[in-house]
Amino acid sequence: MLKVYCYSKCSTCKKALKWLEEHNIEFTTIDIKSDHPDEETLRGYYKLSGLSLKRFFNTSGIPYRELGLAKKLPEMSEDEQLALLATDGMLVKRPLVVGDDFVLTGFREEEWADRLSR
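Residues numbered from 1 in each chain as written. Predicted model: local features only at pLDDT ≥ 70, side-chain atom pairs only at ≥ 80, totals over all residues. Heavy atoms only, no water.

### A closer look at the environment of Leu42
Okay, so step 1: Position of Leu42 among the secondary structure elements: in helix H2 (residues 39-49).
Okay, so step 2: C-alpha separation for the pair Leu42 and Val92, spaced 50 residues apart in sequence, amounts to 9.6 Å. (Helix = DSSP H or I, 4+ residues; strand = E, 2+ residues; numbered from the N terminus.)

The structure is reproduced here in structure tokens:
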């Protein structure tokens, strides 16, 4: 079953959960703010995803801006970035969807339709 890390007040997350329900896709939700993935889990998701690590950051979020990460991330190692992501679920791009053999960050309907209709 899919794990969907989301934030209840996020409009994109609401839209994504509605899309999953409309397509009869079973999932379980995890509150990304209170039960965010730890560093080891994020590392596994990152490796499984095949995505750039930047895709895991919520670049439009307040913590990202407050920490000045647009300037800092390029100079940080992967280990430092993963450790930072693990400190605050609000830094993680949401929704974060984890299947048996894939990971999706954010809600892009076409990407979701392609991956989840297999």
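### Structural notes on the pattern of salt bridges
Two side chains carrying opposite charge are able to pair once their charged atoms lie near each other.
Okay, so step 1: Tallied over the full model, the rule gives 5 salt bridges.
Okay, so step 2: In this structure, Lys18 and Glu22 form a salt bridge, with 3.9 Å as the shortest nitrogen-oxygen distance. In this pair, Lys18 and Glu22 are both assigned in helix H1 (residues 11-22), 4 residues apart and thus about one turn of the helix distant.
Okay, so step 3: Ionic pairing is found between Asp79 and Arg43, a salt bridge with its closest N-O pair at 3.0 Å. Of the two residues, Asp79 is situated in helix H5 (residues 78-85) and Arg43 in helix H2; the sequence distance between them amounts to 36 residues. (Salt bridge = Lys/Arg side-chain N within 4 Å of Asp/Glu carboxyl O.)

### Focus on the packing of H2 against H5
Okay, so step 1: Packing of H2 against H5 leaves a shortest axis separation of 8 Å and a crossing angle of 120°. The orientation of H2 with respect to H5, classified from their angle, is oblique. The two elements H2 and H5 meet at a crossing, and its hand is right-handed. Together, Glu39, Leu42, Arg43 and Tyr46 of H2 and Glu78, Asp79, Leu82, Ala83 and Leu85 of H5 make up the contact between the two elements.
Okay, so step 2: Of the residues that constitute the contact of H2 with H5, the class distribution is 5 nonpolar, no polar and 4 charged. (Axes fitted to C-alpha atoms, helices over the stretch in contact; angles between N-to-C directions. Parallel < 35°, antiparallel > 145°, perpendicular 65-115°, else oblique. Left-handed = near helix turned anticlockwise from the far one by under 90°. Contact = heavy atoms within 4.5 Å. Nonpolar A, V, L, I, M, F, W, Y, C, P; charged D, E, K, R; others polar.)

### Some details on the confidence of the model for the chain
Okay, so step 1: Looking at the chain as a whole, its pLDDT mean stands at 95, while 99% of the residues score no less than 70.
Okay, so step 2: Across the chain, the element-wise mean pLDDT spans from 94 in helix H6 (residues 109-116) up to 98 in strand E2 (residues 27-31). (pLDDT = per-residue confidence, 0-100.)

### Looking at unusual backbone geometry
Okay, so step 1: Between Arg94 and the following residue, Pro95, the backbone shows a cis peptide bond with an omega angle of -10°.
Okay, so step 2: Relative to the helices and strands, Pro95 is located in the loop between H5 and strand E3 (96-98).

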